[in-house]
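# Reading the structure
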Amino acid sequence: MGIVSCLILPHGAMTFDGNPNGGSPTTERVKVISESQRRDCNALFAACSKAAELARATSPDVIVLNTPHGMCLSRAVGVYLNARAKGNAEWNGQWTEFEVDIALDTDLSKKLLDHLLSDSVAAEGITAFTVCEMPLRWGEVIPLYFLQDFTKAGVKVVITSNPRGKMIEGLEALSKTSHLGRSMAKFLGGLDQRILYVVSCDLAHIHETDCQLPLYLPDPRWNMPPASVTALSFDLAVENWVKGVTSSAEHVKGPLKSLEEKQVKWDGAVAKEAAQWLTKAIGMKAPARTSCGIYGVAVLHHMLVAEMEKPGTSFTSHFLCRLAPTYYGMMVATFVKEQ
């Protein structure tokens, strides 16, 4: 059956501050954020929960998660090879109460690695602490937290990590991820299992914010570029990619936040238009280099294009929300294959 659905989920820990079932640590954090930030967190948490519901309708057998913040290699795609993985969403000493403990599909992970290597993709397997669990942090835990109904029911996970060098240098062009995306689609599309593919993704990290709480601000040691209005343009471009908006517009304009859901049927023609928005986003050098999700999104684009080259194959994209409660943008979206 292959790929049946794809999710783009954020990995900003403050998403959990919108958790209606949060424990006392969440309650204490919520007391200090603004009302606007609280509403944004509520919307993000609700959107992630809805994305999981949309994926549930596709009955996946395996989850394949791509992370930009896991065990990353310098120049190669990493494939986790441990039998289990566990961790929490800890960030700056907070959000440790949100945990996942999952089974990894070791056999499928090894087959994926063998395929990538045979297809001339720079890839390596990663094993942590021999027979112990692979440690997970926010980049994996936050998306997987919303998919626990699957993992607790026995659905296993395959995890890939992005080359760290690509994150530091920035993505030169959309075409640079074509071979990897098509190779992933070739492997996953040929499986008998029903695959849910998940991209762990945050958007531009240089949004202007009036937040003064250090917990929700970048560490000064990161030497982040200054805040810029181009961050909004970048995030809007990625949103327009999901929505398949016509690429004829010369400028990227829109609201600071987007909460209106929209569904679009994706076929080859829509994908061609949508690609122009990713090209625009990647061309915005400062925000693009601060986005830890653009590489994974670009790979996903080529995966979708490759899948839709099969006769009669299309997807429905479902945009759920785009927000920037503080200095970084977050978006939730799904792509469901038409059966």
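For the structure, check the block above.
Residues numbered from 1 in each chain as written. Predicted model: local features only at pLDDT ≥ 70, side-chain atom pairs only at ≥ 80, totals over all residues. Heavy atoms only, no water.

### Topic: the overall build of the protein
Looking only at helices and strands, one finds eleven helices and twelve strands in the protein. Computed over its C-alpha atoms, the radius of gyration of the protein comes to 19 Å, within 12% of the 20 Å expected for a compact globule of 339 residues. Seen through its C-alpha atoms, the protein measures out along the principal axes to roughly 50 × 50 × 35 Å. Here the protein holds 339 residues, and the buried ones make up 57% of them. (Helix = DSSP H or I, 4+ residues; strand = E, 2+ residues; numbered from the N terminus. Rg over C-alpha atoms; globule rule 2.2 N^0.38 Å. Buried < 20%, exposed > 50% of the residue type's maximum accessible area, 1.4 Å probe, protein only.)

### A few points about the packing of aromatic side chains
Under the counting rule described, the total for this entry stands at 13 aromatic pairs. Taking the centre distance of 5.4 Å and the plane angle of 80° together, the rings of Phe98 and Tyr145 count as edge-to-face. On the criterion of sequence distance, the pair formed by Phe98 in the loop between strand 4 (84-88) and strand 5 (99-103) and Tyr145 in helix 4 (residues 138-145) is long-range, its members being 47 residues apart. Phe98 gets classed as buried once you look at its relative accessible area, which sits at 2%. Pairing Trp266 with Phe335 gives two aromatic rings, centres 5.1 Å apart and planes at 80°, and the pair type is edge-to-face. With Trp266 in strand 10 (residues 262-266) and Phe335 in strand 12 (residues 330-337), this residue pair connects regions lying 69 residues apart in the sequence. The exposure class assigned to Trp266 is buried, which follows from its relative accessible area of 0%. On the accessibility criterion, Phe335 (0% relative accessible area) is buried. Grouped by ring-pair contacts, the aromatic residues Phe16, Phe45, Phe98, Tyr145 and Phe146 constitute a single cluster. Here the basic side chain of Arg56 rests over the ring of Phe150, its NZ or CZ set 5.8 Å away from the ring centre. (Phe/Tyr/Trp six-rings, centres within 6.5 Å; stacked < 30°, edge-to-face > 60°. Lys NZ or Arg CZ within 6 Å of the ring centre and 35° of its normal.)

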